[in-house]
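# Examining the three-dimensional arrangement
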There are 2 protein chains.
Amino acid sequence: MSTPQRTLHLNAFLMSTGHHEASWRLPESNPRASTDITHYQNLARIAERGTFDSIFFADSPVIFGDVGRRPAGKLEPTVLLTAIAAATEKIGLIATASTTYNDPFNLARRFASVDWVSGGRAGWNVVTTAGPEAAQNFGIDDQPAHATRYERAAEFLDVAAKLWDSWQDDAVLADKEAGIWADSAKVRPIDHDGKHFRVRGPLNVPRSPQGRPVIVQAGSSENGKGLAAKYAEAVFTAQQTLEGAQSFYADVKSRAVALGRRAESIKILPGIVPVIASTEAEALRLERELDQLIRPEYARVELAKTLRVAPEDLPLDRQLPAELPDEDSIEGAKSRYTLIVELARCEKLTVRQLIGRLGGGRGHLTFAGTPDQVADAIQLWFENGAADGFNIMPAVLPSGLETFVDSVVPVLRRRGLFRSEYSGNTLRDHYGLERPANHRVEAALFDSAAS
Amino acid sequence: MSTPQRTLHLNAFLMSTGHHEASWRLPESNPRASTDITHYQNLARIAERGTFDSIFFADSPVIFGDVGRRPAGKLEPTVLLTAIAAATEKIGLIATASTTYNDPFNLARRFASVDWVSGGRAGWNVVTTAGPEAAQNFGIDDQPAHATRYERAAEFLDVAAKLWDSWQDDAVLADKEAGIWADSAKVRPIDHDGKHFRVRGPLNVPRSPQGRPVIVQAGSSENGKGLAAKYAEAVFTAQQTLEGAQSFYADVKSRAVALGRRAESIKILPGIVPVIASTEAEALRLERELDQLIRPEYARVELAKTLRVAPEDLPLDRQLPAELPDEDSIEGAKSRYTLIVELARCEKLTVRQLIGRLGGGRGHLTFAGTPDQVADAIQLWFENGAADGFNIMPAVLPSGLETFVDSVVPVLRRRGLFRSEYSGNTLRDHYGLERPANHRVEAALFDSAAS
Ligand SMILES: Cc1cc2nc3c(=O)[nH]c(=O)nc-3n(C[C@H](O)[C@H](O)[C@H](O)COP(=O)(O)O)c2cc1C
Ligand SMILES: Cc1cc2nc3c(=O)[nH]c(=O)nc-3n(C[C@H](O)[C@H](O)[C@H](O)COP(=O)(O)O)c2cc1C
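Residues numbered from 1 in each chain as written. Chains lettered and ligands numbered in written order. Predicted model: local features only at pLDDT ≥ 70, side-chain atom pairs only at ≥ 80, totals over all residues. Heavy atoms only, no water.

Helix and strand counts for chain A stand at 15 helices and 13 strands. For chain A, the proportion of its 451 residues judged to be buried stands at 60%. Pairs at least 24 apart in sequence give 77% of the contacts found in chain A among residues at least 6 apart. On chain A, roughly 17000 Å² of surface is accessible, and the fraction owed to carbon and sulfur atoms is 50%. Distance from the positive charge centre (51 side chains) to the negative charge centre (58 side chains) of chain A: 1 Å. (Helix = DSSP H or I, 4+ residues; strand = E, 2+ residues; numbered from the N terminus. Buried < 20%, exposed > 50% of the residue type's maximum accessible area, 1.4 Å probe, protein only. Contact = heavy atoms within 4.5 Å. Areas by Shrake-Rupley, 256 points an atom, 1.4 Å probe, with all protein chains shown as cover. Lys, Arg positive; Asp, Glu negative; His and termini not counted. Charge placed at Lys NZ, Arg CZ, Asp CG, Glu CD.)

All names here are of chain A. Look at the UniProt record and you will see "binding site: FMN" (unreviewed entry) annotated at Asp59, Thr96, His146, Tyr150, Ser220 and Ser221. Take His146: it is sitting in helix α5 (residues 146-164). His146 gets classed as buried once you look at its relative accessible area, which sits at 4%. If we ignore the near neighbours within four places in the chain, the residues touching His146 are Ser221, Asn223, Glu331, Gly332 and Lys334. Take Ser220: its relative accessible area is 17%, and that puts it in the buried class. Apart from residues lying up to four places away in sequence, Ser220 is in contact with Lys225, Thr237, Phe248 and Ser335. (UniProt positions renumbered as here; feature names shortened; annotations may be inferred.)

So, on to the side chain of Thr82(B). Mapped onto the elements, Thr82(B) comes out in helix α2 (residues 77-85). If we ignore the near neighbours within four places in the chain, the residues touching Thr82(B) are Val79(A), Thr82(A), Ala83(A), Val114(B) and Val117(B).

It is worth spelling out the relation of the copies chain B and chain A at this point. In the superposition of chain B on chain A (RMSD 0.0 Å, axial shift 0.0 Å), the rotation amounts to 180 degrees. Each copy turns onto its partner about a two-fold axis. Of all interface residues in chain B, 100% are interface residues in chain A too; the two copies therefore contact each other through one and the same surface. (Least-squares fit on C-alpha atoms with pLDDT ≥ 70 in both.)

Residue and element names in this part refer to chain A. The local shell around ligand 1 holds 22 residues, among which Asp59, His146, Tyr150, Ser221 and Ser335 are the closest. Residue Ala218 places a main-chain N or O atom 3.1 Å away from an oxygen atom belonging to ligand 1. Within the contact set of ligand 1, an oxygen atom lies 2.2 Å away from a side-chain nitrogen or oxygen of Ser335. Taken together, the elements giving at least two residues each to the shell around ligand 1 come down to β4 (122-127), α5, β10 (234-237) and α10 (334-346). Residues belonging to the shell around ligand 1 are distributed by class as follows: eight nonpolar, twelve polar and two charged. (Near = heavy atom within 4 Å. Polar contact = N/O pair within 3.5 Å; in protein donor to acceptor, adjacent residues only side chain to side chain. Nonpolar A, V, L, I, M, F, W, Y, C, P; charged D, E, K, R; others polar.)

What follows is about the interface of chain B and chain A. Taken together, the 75 residues of chain B in the interface contact 75 residues of chain A. With both sides pooled, the region where chain B packs onto chain A buries about 5900 Å², and carbon together with sulfur makes up 57% of that total. Our enumeration of links across chain B and chain A arrives at four salt bridges. For Asp141(A), the salt bridge goes to Arg198(B), with nearest N and O atoms at 3.1 Å. At the boundary of chain B and chain A, one finds 44 residue pairs in polar contact (both at pLDDT 80 or more). Only α2, α3 (104-117), β5 (172-175), β6 (180-182) and β8 (198-199) of chain B provide two or more residues apiece to the side of chain B that touches chain A. With eight residues, the single largest contributor to the side of chain B that touches chain A is α3(B). In terms of residue class, the side of chain B that touches chain A is built from 38 nonpolar, 18 polar and 19 charged. (Buried area = accessible area lost by both parts, 1.4 Å probe. Salt bridge = Lys/Arg side-chain N within 4 Å of Asp/Glu carboxyl O.)

Take unusual backbone geometry next. Apart from glycine, the bulk of residues carry a negative phi angle, and the bulk of peptide bonds sit in the trans form. For the peptide bond that leads from Gly201(A) to Pro202(A), omega is -5 degrees, which places it in the cis range. Along the chain, Pro202(A) turns up in the loop between β8 (198-199) and β9 (214-217). With phi around 55 degrees, Ala174(A) is a residue other than glycine that occupies positive phi space. By the secondary structure assignment, Ala174(A) is in strand β5 (residues 172-175). Positive phi outside glycine occurs at Thr51(B), with the angle close to 45 degrees. Counting through the fold element by element, Thr51(B) comes out in the loop between α1 (37-49) and β2 (54-57).

Let us look at the site of ligand 2. All names here are of chain B. Lining the immediate environment of ligand 2, one finds 22 residues, of which Asp59, His146, Tyr150, Ser221 and Ser335 sit closest. Interatomic distance of 3.4 Å between a backbone N/O atom of Ser220 and an oxygen atom of ligand 2. Within the contact set of ligand 2, an oxygen atom lies 2.2 Å away from a side-chain nitrogen or oxygen of Ser335. When residues of the shell around ligand 2 are traced back to their parent elements, those giving at least two are β4 (122-127), α5 (146-164), β10 (234-237) and α10 (334-346). A per-class count over the shell around ligand 2 returns eight nonpolar, twelve polar and two charged.

Before going further, it helps to spend a moment on the nonpolar core. General note: in soluble globular proteins, nonpolar side chains tend to be found buried as a group. Among the nonpolar cores identified, the biggest contains 162 residues, and Phe52(A), Trp124(A), Phe404(A), Phe52(B), Trp124(B) and Phe404(B) are the most heavily contacted of them. Excluding residues within four positions of it along the chain, Phe404(B) makes contact with Leu10(B), Phe52(B), Pro274(B), Ile276(B), Val374(B), Ile378(B), Ile392(B), Val409(B), Pro410(B) and Leu412(B). Counting 21 residues, the second-largest nonpolar core is a separate cluster that includes Ala299(B), Ala304(B), Ile330(B) and Val351(B). (Core = buried A, V, L, I, M, F, W, Y, C linked by side-chain atoms within 4.5 Å.)

What follows concerns the packing of α5(B) against helix α6 (residues 222-231) of chain B. All names here are of chain B. Packing of α5 against α6 leaves a shortest axis separation of 10 Å and a crossing angle of 10 degrees. Accordingly, the angle class assigned to the pair α5 and α6 is roughly parallel. Facing His146, Ala147, Tyr150, Ala153, Ala154, Leu157 and Asp158 of α5, the residues of α6 in contact are Asn223, Gly224, Leu227 and Tyr231. Tallied by class, the residues present in the contact of α5 with α6 amount to seven nonpolar, three polar and one charged. (Axes fitted to C-alpha atoms, helices over the stretch in contact; angles between N-to-C directions. Parallel < 35°, antiparallel > 145°, perpendicular 65-115°, else oblique.)

Moving on, we get to the pattern of salt bridges. Scanning all chains against the criterion turns up 60 salt bridges over all chains. Of the charged contacts in the structure, one is a salt bridge between Arg255(A) and Glu222(A), with a shortest N-O distance of 2.9 Å. Of this pair, Arg255(A) sits in helix α7 (residues 242-258) while Glu222(A) sits in helix α6 (residues 222-231), and the two are 33 residues apart along the sequence. Residue class for Glu222(A) comes out exposed when judged on its relative accessible area of 52%. We note a salt bridge from Asp169(B) to Arg207(B), for which the minimum N-O separation is 2.9 Å. Of this pair, Asp169(B) sits in the loop between α5 and β5 while Arg207(B) is found in the loop between β8 and β9 (214-217), placing the two residues 38 residues apart along the sequence. You can call Arg207(B) buried: its relative accessible area is 6%. One connected set of salt bridges, linked through shared partners, spans Asp165(A), Asp169(A), Arg207(A), Arg212(A) and Arg435(A).

So this is what it looks like as structure tokens:
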């Protein structure tokens with residue numbers, strides 16, 4: 001084969017007992033999984049057996065909603081990734097961290113450290129964190145405005161890149177004879193002085209195996225897509241239809257190309273909640289069984305918060321109220337807001353039905369079927385300009401991930417769409433991304449040429 | 001034996017190739033150890049074989065001094081501890097983090113997470129971080145004043161304790177039948193509103209195995225001792241003489257007792273750099289060999305910075321200048337400053353000799369001798385009101401730690417001073433510290449009794 005084949009990328013989005021909000025209530029589930037590191041290590045090993053590109057954890061520095069509803073405690077993601085790194089060998093490790101509620105020096109250092117301890121497997125899902133609840137854990141009453149959060153995110157990423165590049169790759173000489181550990185000309189301050197941050201640097205960690213961790217992005221508002229186009233190397237997104245996914249895919253790629261990037265340098269990975277069984281009827285039965293375990297009173301309070309209405313205004317067996325705020329006035333998660341409203345309106349869902357849909361996949365595509373049907377759906381999107389791969393979100397864990405690995409992955413492999421073994425050792429290798437050049441070296445060369 | 005015996009506590013203070021600044025230049029040393037996680041995992045396993053209470057990492061969010069001098073890159077400590085947790089079973093895991101350059105919510109969460117993934121082995125060495133260099137990585141030109149840093153540290157610890165206690169131990173019900181995951185009455189906001197912080201809470205991590213991580217403190221100024229007396233459960237300190245150590249020991253314990261604590265609830269652990277050989281002469285030869293590898297020009301620049309004089313004012317073969325700033329005017333590390341000046345003055349050291357002493361142990365007691373002599377020194381301090389144990393700081397790693405474990409630990413065990421196996425699983429178990437009650441539960445009981 002001389003033309004390099006485009007391969008599918010699969011990321012396992014892991015969440016305690018699974019993405020279905022009632023999954024913890026199943027007899028098979030360990031309801032204390034969210035603080036049990038062996039649970040996560042086991043999940044990662046299953047995904048690695050399935051030669052997934054990566055695993056992923058969502059995060060927010062706050063408890064959102066009622067702790068009665070579902071497992072709410074979450075280990076800090078860089079700690080979680082590190083513990084998993086020790087239990088795996090190849091699989092990429094992606095965690096979410098907020099640019100609104102972290103300092104660039106500390107966070108850049110943490111991801112560089114995870115990249116070192118994992119041998120080059122770290123990725124960072126960059127989010128701006130919606131909602132006043134998180135803000136109040138950090139001394140402010142309300143979230144900064146949506147645009148301000150994204151502006152800060154962009155500058156945060158600039159600072160982080162400078163810090164990761166503040167050591168040249170060959171800075172450490174380790175010259176025992178001469179007694180010189182590193183070349184101080186190759187470890188330079190960054191002297192960043194911007195609107196949101198002033199950071200002197202250099203980082204106190206040498207440049208990591210991947211140069212920089214892989215940058216992932218998951219906000220689909222206009223600002224979110226703008227950030228993705230400039231910085232992201234992978235994008236997670238919630239898409240309900242092939243057409244919607246195609247237009248998102250084309251939009252993000254063309255924005256990246258307009259900024260001088262190659263279209264292949266940014267991978268688009270929509271989420272899918274696969275409910276798999278040996279027959280379609282059986283899969284649908286499984287899905288219904290789970291939905292019946294949802295307690296709608298919890299979910300309704302949360303939905304009301306997102307829609308900025310009172311819970312009483314959402315009778316369970318009626319459609320959404322005709323009058324709702326429009327996206328421009330939403331300062332939290334804009335694209336999620338719009339997705340929910342559009343889903344409810346287009347499919348004429350009652351509040352109860354909407355809660356069922358969101359409870360299963362939180363706005364992501366839920367797909368119930370046989371292994372072949374699931375593989376068909378994946379192939380359709382992959383081959384028709386809608387996805388470079390998928391963010392697999394099992395409704396129930398570990399069983400849903402095991403079933404996917406044991407029944408869908410073999411089909412994808414047989415069809416030549418997916419790898420049977422890892423060809424490299426880093427997350428960049430799996431995603432087919434280049435190791436970034438050190439832009440500070442280039443800048444320095446430019447400086448000395450000019451002077 | 002009916003009277004519970006007082007046992008010695010040993011902590012292994014780990015630092016890439018060892019505490020001697022020239023250790024990386026030895027043929028045996030891996031000069032890239034500072035970013036090699038297998039190096040640290042190996043060290044921790046050696047310490048665990050020696051039934052040490054704990055391992056410890058110093059930290060500062062900055063590169064201090066010249067990267068030519070010695071290994072300068074440092075993995076972020078909570079990441080480091082987590083990776084080591086996965087490679088060990090019992091040993092306590094203590095890392096340093098700054099209260100000046102972190103947010104309480106994020107840091108409290110990280111240590112709670114390390115406590116979960118390690119099964120109750122986490123400890124936090126609370127420092128206030130001296131020097132303008134660190135400040136400049138966080139948007140400010142100079143460090144906050146010494147007193148302000150300690151004031152912030154105290155409030156930081158109050159907030160952290162409230163966050164760790166924001167979930168009652170029995171908050172998670174995991175009631176599948178009723179569909180109630182946690183009791184929302186037992187997961188409460190903390191609504192902290194203080195001079196330095198406003199934090200709503202609750203933490204997004206359930207109360208961890210130890211209730212709270214063990215609090216360690218290592219600043220010996222007046223403010224430092226005050227903080228230790230109130231909050232610390234273990235104190236690291238640099239002491240050069242038995243008398244000095246005794247007076248520090250009595251001082252800190254009596255301050256704690258004055259605040260209503262039991263003297264045993266705070267362990268005092270002076271540092272010792274043991275250079276061990278089968279004869280005393282051989283040990284001294286080893287020490288000299290290492291000192292000859294020091295490049296004094298690097299060390300002099302750093303010493304001048306600490307003393308706030310110009311490097312030219314420190315001729316290598318003269319004693320320190322007669323005129324030096326006094327401790328009150330030092331806003332950085334006060335106790336370290338005083339220790340260095342007193343050491344030089346009392347022993348009439350030249351700058352070159354002082355640099356040798358600091359290069360070996362950075363102000364900690366260096367002790368060269370046979371295993372029995374080292375055990376004698378430890379026993380003397382332990383039995384004469386100077387120490388509850390020691391912070392062991394091998395000059396060269398891993399060999400210095402191996403030698404200590406294989407030659408000194410057996411002597412201490414034979415003398416009945418030190419454990420032969422772990423009797424518990426948590427760091428609190430090893431240090432003989434109680435699991436703290438949840439003070440927010442007590443406060444709530446009090447509230448409801450009053451109302
Ligand atoms: C798969 C996926 C995962 C996400 N994970 C997180 C997360 O962990 N934390 C978070 O704050 N937002 C998360 N988001 C939401 C977005 O990153 C973003 O914060 C939110 O949509 C607001 O951005 P927007 O206004 O640009 O849409 C996720 C979105 C998707 C599609
Ligand atoms: C064994 C030991 C370890 C220490 N580790 C650190 C450290 O990792 N980071 C740090 O900033 N200071 C460290 N210190 C210094 C003190 O914690 C403190 O920051 C410094 O002495 C200033 O405090 P002081 O002015 O109260 O003496 C350490 C001190 C000792 C004795």
